[in-house]
Amino acid sequence: THYLREGDEIPGHPDWVAMETFGHSQGHLSFYQEKTGTLIGGDLLLGRISPNPILEMPKEPGQERVKPQLQLNDSLRRLLDETLTVVYPGHGADIKEPYDLIEKRLKHQHERAFHVKSLIGNDRRNVLELAVLLFPKAVKRDPALALFETLGQLDYLDSLHEIESEMVDGVVWYYNK
């Protein structure tokens, strides 16, 4: 009967609250029951793969685009502060060691980002060039997801002040500092 937001109790399910866990999407919610440490995590934390940070248009014209990889990282870090015993993901088996997997996902994402930095090297590269280098098969099969993931790594590197960018003739070029 209404939209759920951060901290709202789930109607008909006492002790369950909504958590805004953006990153995979701008409307992604997880549902948490603190007393049991149970999280219905959707696509926030998956056992076999990391969720793709889906790039979406800003809600209002002229707004800066969201940076879903940074949001996803924040959402995962936020779980480290909760008492979790099990995470029920949107795909795959239940996650009974969520903290280990969260740390693994954050570490892997950090390492992938620095791999992207190494692919830039002393050159200037755009997102498509890097996506082709990073995901040569996936960029043909699902170019949008390959581009979203690559842009997410660039956003992360930018947040660490590891790279810079400049737009030339409508193309954003990335280079190492």
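Our subject is the structure listed above.
Since the structure is predicted, the reported quantities are computational estimates derived from the model, not experimental observations.

Reading the values: the criteria
Residues numbered from 1 in each chain as written. Predicted model: local features only at pLDDT ≥ 70, side-chain atom pairs only at ≥ 80, totals over all residues. Heavy atoms only, no water. Helix = DSSP H or I, 4+ residues; strand = E, 2+ residues; numbered from the N terminus. Contact = heavy atoms within 4.5 Å. Areas by Shrake-Rupley, 256 points an atom, 1.4 Å probe, with all protein chains shown as cover. Lys, Arg positive; Asp, Glu negative; His and termini not counted. Charge placed at Lys NZ, Arg CZ, Asp CG, Glu CD. Axes fitted to C-alpha atoms, helices over the stretch in contact; angles between N-to-C directions. Parallel < 35°, antiparallel > 145°, perpendicular 65-115°, else oblique. Nonpolar A, V, L, I, M, F, W, Y, C, P; charged D, E, K, R; others polar. Buried < 20%, exposed > 50% of the residue type's maximum accessible area, 1.4 Å probe, protein only. Pairing = 2+ DSSP bridges. Right-handed = clockwise from strand over helix to strand, strands pointing away. Expected span 1.5 Å × (residues − 1).

Enquirer: Whenever I open this one, the overall build of the protein chain confuses me. Can you help?
Expert: Each helix and strand counted, the protein chain has 5 helices and 7 strands in total. Along the chain direction, N to C, the helices and strands of the protein chain fall in the order β-β-β-β-α-β-α-α-α-α-β-β. Projected onto the principal axes, the alpha-carbon positions of the protein chain cover approximately 55 × 35 × 30 Å. Counting contacts in the protein chain only where the partners sit at least 6 residues apart, residues at least 24 apart contribute 51% of the total. Carbon together with sulfur atoms contributes 53% to the accessible area of the protein chain, which is approximately 10300 Å² in total. Each charge class in the protein chain was averaged separately, 20 positive and 28 negative side chains, and the resulting centres sit 7 Å apart.

Enquirer: Just to check I follow, could you spell out the packing of helix α3 (residues 127-134) against helix α5 (residues 143-159) for this structure?
Expert: To describe two helices that pack against each other, one gives the angle between their axes and the distance between the axes. Running from N to C, α3 and α5 cross one another at 105°; their axes reach a closest spacing of 9 Å. With respect to each other, α3 and α5 are oriented roughly perpendicular. Counting all contacts with α3, which are made through V127, L128, L130, A131 and L134, the residues of α5 involved are A146, L147, T150, L151 and L154. Here the residues of the contact of α3 with α5 sort into 9 nonpolar, 1 polar and no charged.

Enquirer: I'm lost on the environment of G37 in this one. Help?
Expert: Its place among the elements puts G37 in the loop between β3 (29-33) and β4 (38-42). For G37, a relative accessible area of 0% gives the class buried. With 50 residues separating them along the chain, G37 and V87 place their C-alpha atoms 8.5 Å apart. Sequence-distant contacts of G37, that is, excluding residues within four places in its chain, are made with Y32, T83, L84, T85 and V86.

Enquirer: Even after reading the chapter, I still don't get the environment of L55, so can you show me in this structure?
Expert: Its location among the elements puts L55 in the loop between β4 and α1 (68-79). In sequence terms L55 and R125 are 70 residues apart; their C-alpha atoms lie 20 Å from each other. Once you skip the residues sitting within four places of it in the chain, L55 turns out to touch R65, V66, P68, F148 and L151.

Enquirer: Help me out: how do you make sense of the pairing of strand β5 (residues 86-89) in this one?
Expert: Note on strand geometry: in a regular strand, side chains alternate between the two faces of the sheet. Of the pairings in the sheet, the one linking β4 to β5 comprises 4 bridges and is parallel in character. Considered in β5, the bridge of L39 is made with V87. With α1 bridging β4 and the parallel β5, this β-α-β connection has right-handed handedness.

Enquirer: Mind showing me how you'd approach the sheet that holds β4 here?
Expert: Sheet strands pair via backbone hydrogen bonds, and the direction of the pair is either parallel or antiparallel. Within the open sheet, the 5 strands sit side by side as β1-β2-β3-β4-β5. Their pairing is mixed. Looking at which strands have only one partner, the edges of the open sheet turn out to be β1 (9-10) and β5.

Enquirer: Would you mind showing me how to read helix α2 (residues 98-120) here?
Expert: When the terminal C-alpha atoms of α2 are compared, their 33 Å separation across 23 residues agrees well with the 33 Å that a helix rising 1.5 Å per residue should span. The complete set of buried residues in α2 reads P98, L101, I102, R105, L106, Q109, A113, V116, K117, L119 and I120.

Enquirer: What is the right way to look at α1 in this model?
Expert: Along an α-helix, a turn takes 3.6 residues, which lines up residues three or four apart on a common side. Taking 1.5 Å of rise per residue, the 12 residues of α1 would be expected to cover 16 Å, and the 17 Å separating its terminal C-alpha atoms lies within 8% of that figure. Listing the buried residues of α1 in full gives P68, Q69, Q71, L72, N73, S75, L76 and L79. Buried residues belonging to α1 abut β2 (13-20), β4, α2 and α5.

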